[in-house]
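Residue-level listing of the chains:
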Amino acid sequence: MKDDYCRKTSHSKSGPGDAGKTGSWRILRPVIDPAVCIPAKRGTPSCYMCWLYCPDGVISRGIPPEIDYEYCKGCGICAEECPTKAIRMVEESSFIKEDT
Amino acid sequence: MQIIESGNVAAALGVKLSRAQVIAAYPITPQTPLTEKLSEIIEAGDMTAEYIPVESEHSALAICIAASSAGARSFTATSANGLLYMHEQLHWASGARLPIVMCVVNRGVGAPWTVWNDHQDSMSQRDTGWIQIYANDHQQIIDSVIKAFALAEEVMIPVMVCYDGYLLSHTYMPFDIPEATLTDSFLPPYRPAYCLDPDEPANLNTVTLSDVRTDINGVKAHGYMEIRHLLQQDMLASMDAIERVDSRFKNIFGRGGSPFIESYRSDDARFIAVGIGSLSYHLRDVVDDLRDEGISVGVMSMQLYRPFPYQAVAKALKDCQGVIVFEKALSYGYQGPVCSDIKSALYHYVGPEGSRPFVLNYILGLGGREILTKDLYEGLKLSCTTKPSSPDKPRWIGLKL
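Residues numbered from 1 in each chain as written. Chains lettered and ligands numbered in written order. Predicted model: local features only at pLDDT ≥ 70, side-chain atom pairs only at ≥ 80, totals over all residues. Heavy atoms only, no water.

**Here's the deal with the overall build of chain B**
- Looking only at helices and strands, one finds 13 helices and 18 strands in chain B.
- In terms of overall size, chain B behaves like a compact globule, its C-alpha atoms giving a radius of gyration of 21 Å where 401 residues would be expected to give roughly 21 Å.
- Along the first, second and third principal axes, the C-alpha set of chain B runs to 70 × 50 × 45 Å.
- In the form shown here, chain B has an accessible surface area of approximately 17,200 Å², with 53% of it arising from carbon and sulfur atoms.
- Chain B carries 33 positive and 46 negative side-chain charges, and their two centres are separated by 7 Å. (Helix = DSSP H or I, 4+ residues; strand = E, 2+ residues; numbered from the N terminus. Rg over C-alpha atoms; globule rule 2.2 N^0.38 Å. Areas by Shrake-Rupley, 256 points an atom, 1.4 Å probe, with all protein chains shown as cover. Lys, Arg positive; Asp, Glu negative; His and termini not counted. Charge placed at Lys NZ, Arg CZ, Asp CG, Glu CD.)

What follows is the structure, encoded as structure tokens:
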């Protein structure tokens with residue numbers, strides 16, 4: 001009964017990838033420079049403004065922070081908020097390996 | 001118990017007997033006395049429900065959507081521009097498959113402003129995925145409200161119970177109030193198959209992509225098109241549920257038996273007049289006069305407009321010579337919506353000589369323009385006695401250009 005009903009609507013549990021692999025929407029890829037990123041440079045958990053602001057929760061609080069590119073939509077909020085400008089938005093096309 | 005009261009009070013008493021748990025509404029003429037009555041009943045402690053006053057109709061239905069998602073039996077009511085202000089939320093309620101019941105006290109739509117009756121408001125919302133039931137008198141109003149909750153909760157599709165502003169909402173008529181013990185057995189408390197549960201968080205009505213997706217459990221989840229297809233399927237299948245609910249009600253209360261259409265002197269009729277709401281009873285008087293003159297004519301009222309009971313309509317009309325549809329609504333640039341739908345239902349039924357009944361359309365009573373019995377009489381008589389010309393163009397009754 002319950003499952004039948006839930007399948008008649010768009011119904012989902014919170015968890016990674018419930019809206020599909022949204023990383024494919026990305027045009028610009030955020031890339032963290034560990035030489036400038038505060039936690040990476042200091043080797044201690046600190047700053048994490050990127051983690052705090054990421055609307056999709058795809059940035060970890062690690063050393064250095066890691067971005068889950070399967071789901072990062074490339075909105076660029078992390079790059080905008082990073083106090084040391086450690087995150088660059090790089091054209092996604094530049095990561096495509098050309099077939100030779 | 002028999003009482004004499006207004007149509008709005010009949011609706012309010014139906015909501016009370018249905019034990020609605022959340023009522024959110026914004027007052028609008030001619031619906032206002034209905035919501036006033038409900039707030040009085042709740043304030044007096046005669047009904048256990050949350051009455052939530054809101055700043056708009058959009059919010060009224062949004063609250064019903066939230067309350068219904070949380071598993072509460074929810075009710076709202078509106079008219080005319082208030083219904084149109086809900087338009088976006090109407091689609092939401094049906095797409096979210098919430099068994100909300102709403103009374104639409106039919107009124108013409110501005111501009112220009114009118115507070116008087118026609119059917120343009122609810123007719124223009126026919127494609128929102130709500131079931132639409134039309135009541136012809138006060139008894140049908142109270143009975144339909146109670147049946148609407150049972151139906152909505154069985155098929156998980158919201159239901160509009162529509163009735164004429166002023167002509168029914170503000171006139172007084174005798175009607176029977178069903179016994180509460182009987183309505184309780186007919187309509188037990190709402191037990192949703194699923195509702196919001198803080199212990200089991202979920203996203204409801206989330207964005208769908210253009211294709212199906214795999215959910216976090218690795219199970220294929222429906223996309224937008226699958227969900228909409230299921231609504232259409234369930235909407236069509238709800239006609240069986242409507243019959244079941246109606247016959248269950250009839251077994252207990254002894255009223256009902258014609259949930260799709262109500263026919264009057266139609267069995268042998270060569271011509272059938274079609275009307276909705278109080279107009280269909282007005283047409284009965286005209287048909288009686290025409291029958292006295294030997295004209296073979298009957299009346300069919302549409303009790304259910306969405307889902308469209310196309311089989312019942314075709315069965316009732318296919319063998320007659322002419323169908324004359326009297327409408328208080330118009331799809332501007334074409335004709336009355338009921339007329340188009342009736343023609344569509346008759347399309348597949350071709351008589352032995354390749355003939356179908358002609359279908360004529362009269363537009364009347366817009367914005368409360370008085371419908372004179374003599375005008376109905378003349379229009380119907382003319383349609384039954386002369387060969388129709390340009391049948392696709394609706395004729396107007398009572399127009400004073």
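**Some thoughts on the packing of helix H10 (residues 278-292) of chain B against helix H13 (residues 373-385) of chain B**
Residues and elements named next belong to chain B.
- It is the contact of H10 with H13, at a shortest axis distance of 9 Å, that shows an interaxial angle of 65 degrees. Crossing angle aside, the handedness with which H10 passes H13 is right-handed. Here H10 contributes Leu279, His282, Leu283, Val286, Val287, Asp289 and Leu290 to the contact with H13, which in turn contributes Thr373, Leu376, Tyr377, Leu380 and Lys381.
- Its residues assigned to classes, the contact of H10 with H13 comprises eight nonpolar, two polar and two charged. (Axes fitted to C-alpha atoms, helices over the stretch in contact; angles between N-to-C directions. Left-handed = near helix turned anticlockwise from the far one by under 90°. Contact = heavy atoms within 4.5 Å. Nonpolar A, V, L, I, M, F, W, Y, C, P; charged D, E, K, R; others polar.)

**Remarks on the domain arrangement of chain B**
All names here are of chain B.
- According to the domain assignment, chain B consists of domain 1 (2-186) and domain 2 (262-396).
- One C-alpha centre belongs to domain 1, the other to domain 2, and the line joining them spans 28 Å.
- Taken together, the contacts link 20 residues of domain 1 with 25 residues of domain 2.
- Note on domain 1 versus domain 2: buried area summed over both sides is about 1,800 Å², and carbon and sulfur give 51% of it.
- Interface area lost by domain 1 to domain 2 is led by Met123, Arg126 and Asn136, which between them contribute 33%.
- At the junction of domain 1 and domain 2, the tally comes to two salt bridges. (Domains from an automatic or database assignment. Buried area = accessible area lost by both parts, 1.4 Å probe. Salt bridge = Lys/Arg side-chain N within 4 Å of Asp/Glu carboxyl O.)

**Remarks on the environment of Ser94 of chain A**
Residues and elements named next belong to chain A.
- Relative to the helices and strands, Ser94 is located in the segment after strand S3 (87-91).
- Residues Ser94 and Ala79 lie 15 residues apart in sequence; the distance between their C-alpha atoms is 18 Å.
- Of note is the side chain of Ser94, whose polar atom sits 2.7 Å from the backbone oxygen of Glu91. (Polar contact = N/O pair within 3.5 Å; in protein donor to acceptor, adjacent residues only side chain to side chain.)

**Thoughts on a nonpolar patch on the surface**
Residues and elements named next belong to chain A.
- Residues Trp51, Leu52, Tyr53 and Ile77 make up a contiguous nonpolar surface patch of about 370 Å² in total accessible area.
- For the nonpolar patch, the leading source of residues is helix H3 (residues 49-53), giving three residues.
- For Ile77, the location among the structural elements is in helix H4 (residues 77-81). (Patch = residues over 30% accessible without salt bridge, like charges linked within 9 Å, V, L, I, M, F, W, Y side chains within 5 Å.)

**Brief notes about the sheet that holds strand S16 (residues 322-327) of chain B**
All names here are of chain B.
- Strands sit in the order S12-S14-S13-S16-S17-S18 across an open sheet of six strands; the sheet is mixed. Looking at the sheet topology across the chains shown, the edges are occupied by strand S12 (261-264) and strand S18 (395-396).
- For strand S13 (residues 271-275) and strand S14 (residues 297-302), the ladder comprises five bridges, and the chain directions are parallel. Looking at S14, one finds that Phe271 is bridged to Val297.
- Helix-sheet contacts for H10 involve S12, S13, S14 and S16, and the interaxial angle to S14 is about 175 degrees. (Pairing = 2+ DSSP bridges.)

**Overview of the interface of chain B and chain A**
- Counting from both sides, the interface comprises 27 residues of chain B and, opposite them, 18 residues of chain A.
- Of the roughly 2,100 Å² buried between chain B and chain A on both sides combined, carbon and sulfur atoms contribute 53%.
- At the boundary of chain B with chain A, the tally comes to three salt bridges.
- Close ionic contact of Glu200 of chain B with Lys13 of chain A constitutes a salt bridge, the shortest N to O distance being 3.0 Å.
- In this assembly, chain B and chain A are joined by ten residue pairs in polar contact (both at pLDDT 80 or more).
- Within the residue set of the side of chain B that touches chain A, elements represented by two or more residues are strand S9 (203-204), strand S10 (213-214) and helix H9 (224-253) of chain B.
- Grouping the constituent residues of the side of chain B that touches chain A by class yields 14 nonpolar, seven polar and six charged.
- Pairing of strand S1 (residues 11-12) of chain A with S9 of chain B involves two bridges; the strand directions are antiparallel. Opposite His11 of chain A, over in S9 of chain B, you have Leu204 of chain B as the bridge partner.

**Looking at H10 of chain B**
Residues and elements named next belong to chain B.
- With 15 residues, H10 should cover 21 Å at 1.5 Å per step; its first-to-last C-alpha distance of 22 Å lies within 8% of that length.
- Taken together, the buried residues of H10 touch strand S7 (159-164), S12, S13, S14, S16 and H13.
- Directly after H10, the chain includes Gly294, whose backbone phi takes a positive value near 90 degrees. (Expected span 1.5 Å × (residues − 1).)

**Considering the layout of surface pockets**
- By volume, the largest pocket amounts to about 510 Å³.
- Along its surface, the largest pocket is lined by 24 residues, and Met1 of chain A together with Glu153, Glu154, Val155 and Met156 of chain B are the ones closest to its centre.
- Elements supplying a minimum of two residues to the lining of the largest pocket: helix H1 (2-6) of chain A together with helix H7 (138-155) and H9 of chain B.
- The element contributing the most residues to the lining of the largest pocket is H9 of chain B, with six residues.
- Here the residues of the lining of the largest pocket are counted per class, giving 14 nonpolar, one polar and nine charged. (1 Å grid on protein atoms, 1.4 Å probe; cavity = no way out; pocket = protein on both sides within 12 Å on 5 of 7 lines; lining within 4 Å. Points joined across faces, edges and corners; volume = space filled by probe spheres on them.)

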